[in-house]
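# Topology and contacts: notes
Here is what each chain is made of, one letter per residue.
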Amino acid sequence: MWNELKLPKSPAPGTLDDLLNRIIDAIQLTTEQHNRAEKLYKEIGEWLAAPGTLLAPYFPDIFPQGSMLMRTTVRPMSIDGEEIEFDLDLVGRHKIDPTVVHSGKLYAMVKQRLEQNPEYKKRLEAKGRCLRLKYPDDLFHLDVIPACSDPADSQQVAILIPDKDKWRREQHPRSSYKESDPLRYADWFEQRTAILQLVTEKSVSASIAPVPDRESANIKAPLRKIVQIIKRGRDLEFIGEQEIPSSILITTMASRAYRGEEDLAEGLDSVLRAMNAAIKIARPNRVAVPNPTNPSEDFALAPSQACYDKFAKLIEKMSAWISKARNAPSGRRNIEPVLEEVMGKRAVAKAFNSLESSMKTAHDSGKLGAIAGGGLTILTESKASSGVQPVRSS
């Protein structure tokens, strides 16, 4: 059950919040990319869950997890031959007894079902916990994660997934799985964005649960946008590297640091300051970033030391960057080079082009308004409101 959602306020055109919103629209998935991923997800889910097929006796439920579920995905990019893809995780939760069925057998059955489709077979790559379908022309891959319900969870929300590292040394079926709780994690994240949803609704009753709709930046919760900005900063900083900090590390740290700020720039500044401070206080050790659904798992322990150290420097750099941007004098020539330092020239140019286009459209249609005391705004109607006068078209 969703509580009433308070949409973020619309910032005045040309302000830092407005420019950051436009950068979000430039770095998140386009409508076409989102629809393409959603279509593939649905087709693959239907193939896995089709009646009368190999997996049908296990009644698979299909649902998304990760960035697409939480609406924090950033679009793929290619720079100087180096590429960063985007991905979608598809969980197939099967009705099996993990004390009887080894995770290796479950993994093999899902793999066999995918290989029965010639198109999927040629795109298939077996990974540690999942089966990856690669779509290089779209800079996209879809990870199919075989799973079953965790019998230890009375609500049947948590899942068990294959732990390939244990397949050879652990012969008992239950020991071949590892615990995962992506739906409770998503619910925790939703609560951090101040959008509340009951965990019981996360149990997924549909055979194939939908991918959430794409959100434009002007209606997206500030925390989602903060995560997207930090993830894009990571992508640009680590492009070409073999290892990058995980999205779940960034999402968890940012979510814990977020204090409900409505202004995007203020919230981003506050989150990055808190992340940077936590990293520095923990030195010479790593900052602790426990999984909110499984406190014994620390997301900060996963990266190599070199990757962690570079990530720590990135957060320090981004914290200084947003502070500099907030204090920069107004005007494109002042703020544009600052934003480019972390967001890159391409996204920032798109943001300014979008601003100029919307201002021109508003001016030409008589919806560009002058605010008493200085500044411009875009009116919903071509008439004056309190403290706002239309700017006449030339």
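The structure contained in this document is the topic of the report that follows. (Residues numbered from 1 in each chain as written. Predicted model: local features only at pLDDT ≥ 70, side-chain atom pairs only at ≥ 80, totals over all residues. Heavy atoms only, no water.)

### A few points about unusual backbone geometry
Between Arg 283 and the following residue, Pro 284, the backbone shows a cis peptide bond with an omega angle of 10 degrees. Within the element layout of this structure, Pro 284 appears in the loop between α9 (264-282) and β10 (290-291). The backbone of Arg 71 sits at a positive phi, close to 60 degrees, despite the residue not being glycine. Its place among the elements puts Arg 71 in the loop between α3 (67-70) and β2 (77-79). By relative accessible area, Arg 71 is classed as buried at 17%. (Helix = DSSP H or I, 4+ residues; strand = E, 2+ residues; numbered from the N terminus. Buried < 20%, exposed > 50% of the residue type's maximum accessible area, 1.4 Å probe, protein only.)

### Focus on the pairing of strand β1 (residues 61-65)
Where burial is concerned, most of β1 is hidden: five out of the five residues are buried. Alternating residues of β1 divide into Asp 61, Phe 63 and Gln 65 and Ile 62 and Pro 64, and every residue in both groups is buried. Looking at chain direction, β1 and strand β4 (residues 86-94) are connected through five bridges and run antiparallel. From the neighbouring strand, Ile 62 faces β4, where its bridge partner is Gly 92. (Pairing = 2+ DSSP bridges.)

### Observations regarding the pattern of salt bridges
Evaluation of the coordinates by the stated rule reveals 30 salt bridges. Between Asp 269 and Arg 273 there is a salt bridge, with its nearest N and O atoms 2.8 Å apart. Pair noted here: Asp 269 and Arg 273 are both in helix α9, with a separation of four residues, about one helical turn. Among the residues examined, Asp 269 registers a relative accessible area of 4% and is labelled buried. Of the charged contacts, one joins Lys 324 and Glu 341 as a salt bridge, the two residues approaching to 2.8 Å between their closest N and O atoms. (Salt bridge = Lys/Arg side-chain N within 4 Å of Asp/Glu carboxyl O.)

### A short note on the environment of Pro 60
Mapped onto the elements, Pro 60 comes out in the loop between α2 (31-49) and β1. On a C-alpha basis, the gap between Pro 60 and Ile 208 in space is 8.7 Å, while along the polypeptide they are 148 residues apart. Other than its neighbours up to four places away in sequence, Pro 60 contacts Leu 48, Ala 49, Leu 55, Arg 93, His 94 and Ser 207. (Contact = heavy atoms within 4.5 Å.)

### So, the environment of Pro 146
With respect to the secondary-structure elements, Pro 146 resides in strand β7 (residues 140-149). Through-space distance from the C-alpha of Pro 146 to that of Leu 131 is 8.2 Å; in sequence the pair is 15 residues apart. In this structure Pro 146 touches Gly 92, Leu 106, Tyr 107, Val 110, Arg 129, Cys 130, Leu 131, Leu 160, Ile 161 and Pro 162, once residues within four positions along its chain are discounted.

### Details of helix α1 (residues 16-27)
Here α1 is twelve residues long and its end C-alpha atoms lie 16 Å apart, about the 16 Å a rise of 1.5 Å per residue gives. Counting buried residues in α1 gives eleven out of twelve residues, a clear majority hidden from the surface. Looking only at α1, the buried set comprises Leu 16, Asp 17, Asp 18, Leu 19, Leu 20, Asn 21, Arg 22, Ile 23, Ile 24, Ala 26 and Ile 27. (Expected span 1.5 Å × (residues − 1).)

### A short note on the nonpolar core
By size, the foremost hydrophobic cluster in this structure holds 103 residues, and its most contacted members are Ile 44, Leu 114, Val 144, Ile 230, Trp 321 and Leu 339. Once you skip the residues sitting within four places of it in the chain, Val 144 turns out to touch Ile 44, Leu 48, Leu 90, Val 110, Leu 114, Cys 130, Leu 131 and Leu 133. (Core = buried A, V, L, I, M, F, W, Y, C linked by side-chain atoms within 4.5 Å.)

### Quick notes on the packing of aromatic side chains
Enumeration according to the criterion identifies six aromatic pairs in this entry. Ring plane angle 80 degrees and centroid distance 6.3 Å describe the contact between Trp 47 and Tyr 120, whose orientation is recorded as edge-to-face. Linking Trp 47 in helix α2 with Tyr 120 in helix α5 (residues 118-123), this pair joins segments that are 73 residues apart in sequence. Owing to a relative accessible area of 7%, Tyr 120 belongs among the buried residues under this scheme. Measuring from centroid to centroid gives 5.2 Å for Tyr 107 and Trp 167, while their planes differ by 75 degrees, and the two rings are edge-to-face. (Phe/Tyr/Trp six-rings, centres within 6.5 Å; stacked < 30°, edge-to-face > 60°.)

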